[in-house]
Amino acid sequence: MIYRMRFAFLGLLAASLAACAGPPPPTYNTDAFKGIYNQNSAVVPADQPVSVQHPVGIILSDNFEIWFKALKEANDYWSARIPSSLTNTAVIADNDPAFLAGRVLQDLKSHFPEAQEIKDFQTAVASGKKAVVLVDINPQIGQRTPVTNKFDITYYFFDAKMNPVSRLTGHGEHYAPYASITSGTQDCIEQALAQLDQKMKVAVR
Amino acid sequence: MVKWVSLAAAAALIAWPAAFAHADTCYETAQVNIDCSAKSGGGAAAGKPAPSRTELRELLRKRLAEPKTGDKPPPVSAEALSKSIHDAEARAKRALAAASSTADPARQDKALKAYNAALKDLDKASDTAAEEADTDAGHDRLLEMKAEAEEQLAREANERFAAQRAAAEAARPHDPDNVGMIGDKIMVCDAPVDGDHANCREMQHDGNSCVAVIAFQGEVNWRDSTATPCSSADLAQRTAFLARHADEEARLKNRQADFALDTTANCKAIIADYVKKAEAQDGPGARADYEKLRSFGGCGVLEKAEAELQAQGGAAAGPDPRFATRGDTTMIDQVAVPCDQNPAACAQAIDEARAGASPAAIAAIYANAIGIGLELGGMMGNAVLNAQAANMAHAAALNNARAARALPPMPRAISCNVRGCVTTNGLGPNNNASDITGTK
């Protein structure tokens, strides 16, 4: 996936290895609630004003799990084939799972300082959460350059009765020119979070 | 004017060739100054065929002077009759104009009275003229014309008053369309209330709290579950709306009482049904009643019951059917949970990731690649030079042959690197120009 870019950069090596098929790209859930909440996330109204009671629980959707696994598999795959001296550490850092998870948590905690990451709604109810923010992602990181990579982050707000009441989406894009060494994922994430921040200022009370 | 022409024609029909004179007197209607000469039907007979006005007047006098059978009173003059019709019609029109040009109810009422009086006069004058007609056809025609005149006046009145209403409506300051009533509650929206997707605040009956809703063409199709204090701007719009709509305020108060009664009745029914279904272990039914109860704000019992249940550990409730059993979240647990539990370490990891993808890091990767490329070039150069050195044995033999022929010896390579070889004659590689083959 993202490691194709290192081949473009490395000239002869790229030519010899680009033909190698990397791990297949992951398939993301179109329903952000899949495996978490028995309702289709598409029916949740967008950009609706919402009153968030505290304390807040944060649930990361299964698409986070899929994305993190895909990154790990790609790392494992290519590290078995590429000498460490040729590893594109920039693209690995750019797609560091800790960056995405950390920035999302940072962003939400800036609004809800006592918010906690939790596994599921049962945990939310059991731990007395009065609101839940379910976070979903939709990464569209291209395999070849030039490409415009995209990354959507969506916050689904659940009220104290654990009913979804609103969703806010942030979108980020980054153009990676031919032979670019990174995918601009961090850039996309920051853009998406900035958009979300703006929307939260308006919609979240 | 058309009417005037028609009347003249009718008069001609009944041998009253009345060429109507200009109205030289004018009736004051509705205390409005009216320029009679400008509005009277002067020249109405223009275009009428012969006989001329003088001839017709003479003819009418003669006819009227002739003795009639029966005991009818002596007929009035044709001129007088036609004038009275004309005057009545003109007065009616002026009164109508006066009534429709004022918004003052008193003036309008006076003008309308004058209009009705003129209509009566027109009716009477027309009937009198019809009575004086010396043929049945003339009589009928005059009555027909009276009906036409009245119809035309009625039509004109309708048009004028409709125009007046429209002008008044246009001049009236319009209410903002973002505030209105939906059901028994006032909505303050960010767009027209009856728009396709209006974000609104539903003002609760307590007058202070608001619930966010989405209205679609005047119907609420989504409602936030929590009420929050209304903003001062929304409250101001609500007050302004009620000030403009006293009837809505009254309706709101009345409906508020009705609503409370309805809610109470509904709450009782739903709670009873809910308990019954819960006892019967009817999951879907209980769920439906639960939702109904929620839609009524919990009826004052739901929240308590839920709190009680939560206090009991929720064991009795069983799993919430909305909540799915989460599958494997190994990666999230590895990545996000530590980040959540240790924000400082998380921030450090974020900084490291940023640094790893920074322009400096990318430059380092490029530098590394260039270094590797040079190393590769060096390796390839050595391979070539080694081959070159291997050929030196052959060169030595050649040198021996040359020595035999007193030729200068060929220098032999002692050691090589990417830039060339140090040879037996003491020469080294040329450092000023190089390529990976070491041949320069």
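Residues numbered from 1 in each chain as written. Chains lettered and ligands numbered in written order. Predicted model: local features only at pLDDT ≥ 70, side-chain atom pairs only at ≥ 80, totals over all residues. Heavy atoms only, no water.

**Describing the overall build of chain B**
Worth spelling out the cut-off: Each helix corresponds to a stretch of at least 4 residues labelled H or I by DSSP, and each strand to a stretch of at least 2 residues labelled E; elements are numbered beginning at the N terminus. Relative accessible area decides the class of each residue, using a 1.4 Å probe on protein chains only: under 20% of the type maximum gives buried, over 50% gives exposed, and in between gives partly exposed. Here, two residues are considered to be in contact whenever any of their heavy atoms come within 4.5 Å of each other. Residue exposure ignores everything except the shown protein chains as possible cover, and the areas themselves are Shrake-Rupley values with a 1.4 Å probe.
The number of helices and strands found in chain B is 14 helices and seven strands. Split into buried and exposed, the 440 residues of chain B put 34% on the buried side. Excluding contacts between residues fewer than 6 apart, the proportion of contacts in chain B whose partners are at least 24 apart in sequence is 48%. With an accessible surface of roughly 25500 Å², chain B has 57% of that area assigned to carbon and sulfur atoms.

**As for the state of the cysteines**
Residues and elements named next belong to chain B. The condition is simple: Throughout, disulfides are identified as pairs of cysteine sulfur atoms within 2.5 Å of each other.
This structure, assessed with the given rule, holds three disulfides over all chains. Each sulfur in the disulfide pair cysteine 210 and cysteine 230 lies 2.0 Å from the other. Since a negative S-S torsion denotes a left-handed disulfide, the cysteine 210-cysteine 230 link at about 110 degrees is right-handed. In this pair, cysteine 210 is assigned in strand S4 (residues 209–216) and cysteine 230 in the loop between strand S5 (219–229) and helix H7 (232–244), connecting sequence segments 20 residues apart. The same class applies to cysteine 210 as to cysteine 230, namely buried.

**Focus: the sheet that holds strand S3 (residues 198–203) of chain B**
Residue and element names in this part refer to chain B. Basically, it comes down to this: Strands are labelled as partners when DSSP assigns at least two bridges between them. Angular values range over 0 to 180 degrees, each being the angle between N-to-C directions of two axes fitted as lines to C-alpha atoms, with helices fitted over their stretch in contact.
The strand order S1-S2-S3-S4-S5 describes an open sheet built from five strands, whose pairing is antiparallel. Two strands bound the open sheet, and with one partner strand each, they are strand S1 (179–182) and S5. Shown here is a sheet whose adjacent strand axes are inclined to one another by a mean of 35 degrees, direction ignored. One ladder, built from seven bridges, connects S4 with S5; its direction is antiparallel. Residue pairing for S5: valine 213 is matched across the bridge by arginine 223. Sheet contacts for H7: S1, strand S2 (185–189) and S3; angle to S2, the most-contacted strand, approximately 125 degrees.

**Topic: H7 of chain B**
Residue and element names in this part refer to chain B. Formally: Here, expected helix span is obtained from the residue count minus one, scaled by 1.5 Å. The arc in question is formed by the directions pointing from the helix axis toward the C-beta atoms.
Between its first and last C-alpha atoms H7 spans 18 Å; for 13 residues at 1.5 Å apiece the expected length is 18 Å, and the two agree. Within H7 the residues assigned to the buried category are Asp234, Arg238, Phe241 and Leu242. Each buried residue of H7 lies within a common arc of 95 degrees when the element is viewed along its axis, so the set occupies one face. The exposed residues of H7 that point more than 90 degrees off its buried face are Ser232, Thr239 and Ala243.

**Some remarks on the interface of chain A and chain B**
To keep it simple, the criterion reads: The term buried area means the drop in 1.4 Å probe accessible area that two parts suffer when joined, counted for both and summed. Salt bridges are defined as contacts in which a side-chain nitrogen from Lys or Arg sits within 4 Å of a carboxyl oxygen from Asp or Glu. Polar contacts, as used here, are pairs of N or O atoms within 3.5 Å; protein pairs need one atom able to donate a hydrogen and one able to accept it. Residues neighboring in sequence count only if both atoms are side-chain atoms. Charged residues are taken to be Asp, Glu, Lys and Arg, nonpolar residues to be Ala, Val, Leu, Ile, Met, Phe, Trp, Tyr, Cys and Pro, and polar residues to be all remaining types, Gly included.
Counting residues at the interface gives 58 residues for chain A and 45 residues for chain B. For the pair chain A and chain B, the summed buried area comes to about 4400 Å², and 57% of that belongs to carbon and sulfur atoms. Counting across the interface, chain A meets chain B through four salt bridges. Here lysine 109 of chain A and aspartate 340 of chain B are joined by a salt bridge, their closest N and O atoms 2.6 Å apart. There are 22 residue pairs in polar contact (both at pLDDT 80 or more) connecting chain A and chain B. When residues of the side of chain A that touches chain B are traced back to their parent elements, those giving at least two are strand S1 (56–60), helix H3 (62–79), helix H4 (89–94), helix H5 (97–111), strand S2 (116–117), helix H6 (121–126) and helix H7 (185–203) of chain A. In terms of residues, the side of chain A that touches chain B owes the most to one element, H5 of chain A, which gives nine residues. Residues that form the side of chain A that touches chain B fall into these classes: 26 nonpolar, 17 polar and 15 charged.

**Some words on the pairing of strand S3 (residues 131–140) of chain A**
All names here are of chain A. Counting buried positions along S3 yields eight of 10 residues, so the element is predominantly enclosed. Two elements, S3 and strand S4 (residues 147–158), share nine bridges in a ladder whose sense is antiparallel. Pairing of glutamine 140 across the sheet is with lysine 150, part of S4. Between the end of S3 and the start of S4, which pair antiparallel, lie six residues.

**Some thoughts on the environment of glutamine 53 of chain A**
Mapped onto the elements, glutamine 53 of chain A comes out in the loop between helix H2 (12–17) and S1. Along the backbone, glutamine 53 of chain A and alanine 131 of chain A are 78 residues apart, and their C-alpha atoms lie at a distance of 5.7 Å. Setting aside chain neighbours within four positions, we find glutamine 53 of chain A in contact with Lys130, Ala131 and Ala160 of chain A together with Thr226 of chain B.

**Comments concerning the pattern of salt bridges**
Two side chains with opposite charge may pair up if their charged atoms get near one another. This model, assessed by the stated rule, comprises 24 salt bridges over all chains. Note that aspartate 121 of chain B is salt-bridged to arginine 91 of chain B, the shortest N-O span being 2.1 Å. Here aspartate 121 of chain B is found in helix H5 (residues 105–132), whereas its partner arginine 91 of chain B is found in helix H4 (residues 78–100), with 30 residues between them in sequence. When its relative accessible area of 32% is taken as the criterion, aspartate 121 of chain B is described as partly exposed. Overall, arginine 91 of chain B belongs to the buried group, its relative accessible area being 11%. Notably, a salt bridge pairs arginine 354 of chain B with aspartate 351 of chain B, separated by 3.6 Å at the nearest N-O pair. Placement of both arginine 354 of chain B and aspartate 351 of chain B in helix H12 (residues 343–356) is noted, with a separation of three residues, approximately one turn of the helix. The class for arginine 354 of chain B is partly exposed, based on a relative accessible area of 35%. The structure contains a network of salt bridges with shared partners spanning Arg103 and Glu190 of chain A together with Asp351 and Arg354 of chain B.

**Focus: the side chain of aspartate 107 of chain A**
All names here are of chain A. Note the following rule: Residues scored as positive are Lys and Arg, those scored as negative are Asp and Glu, and His as well as the terminal groups of each chain are ignored.
In this fold, aspartate 107 is placed in helix H5. Buried charge without a partner: aspartate 107 forms no salt bridge, and the closest opposite charge is arginine 103, 5.6 Å away. Here the side chain of aspartate 107 touches tyrosine 155 through a polar contact of 2.7 Å, side chain to side chain. Those residues within four positions of aspartate 107 in sequence are excluded, and the remaining contacts are Tyr155, Leu193, Asp197 and Met200.

**A look at the sheet that holds S3 of chain A**
What links the strands of a sheet is backbone hydrogen bonding, and the strands pair in either a parallel or an antiparallel sense. All names here are of chain A. Within the open sheet, the five strands sit side by side as S2-S1-S3-S4-S5. Their pairing is mixed. Where the open sheet ends on each side, the last strands, each with one partner, are S2 and strand S5 (164–176). Both S4 and S5 contribute to a ladder of 12 bridges, which runs antiparallel. Paired with phenylalanine 151 across the two strands is glycine 172, which belongs to S5. Relative to the sheet, H5 contacts S1, S2, S3 and S4, its axis offset from that of S4 by approximately 45 degrees.

So far we have only geometry, and geometry alone does not tell us how the molecule works.
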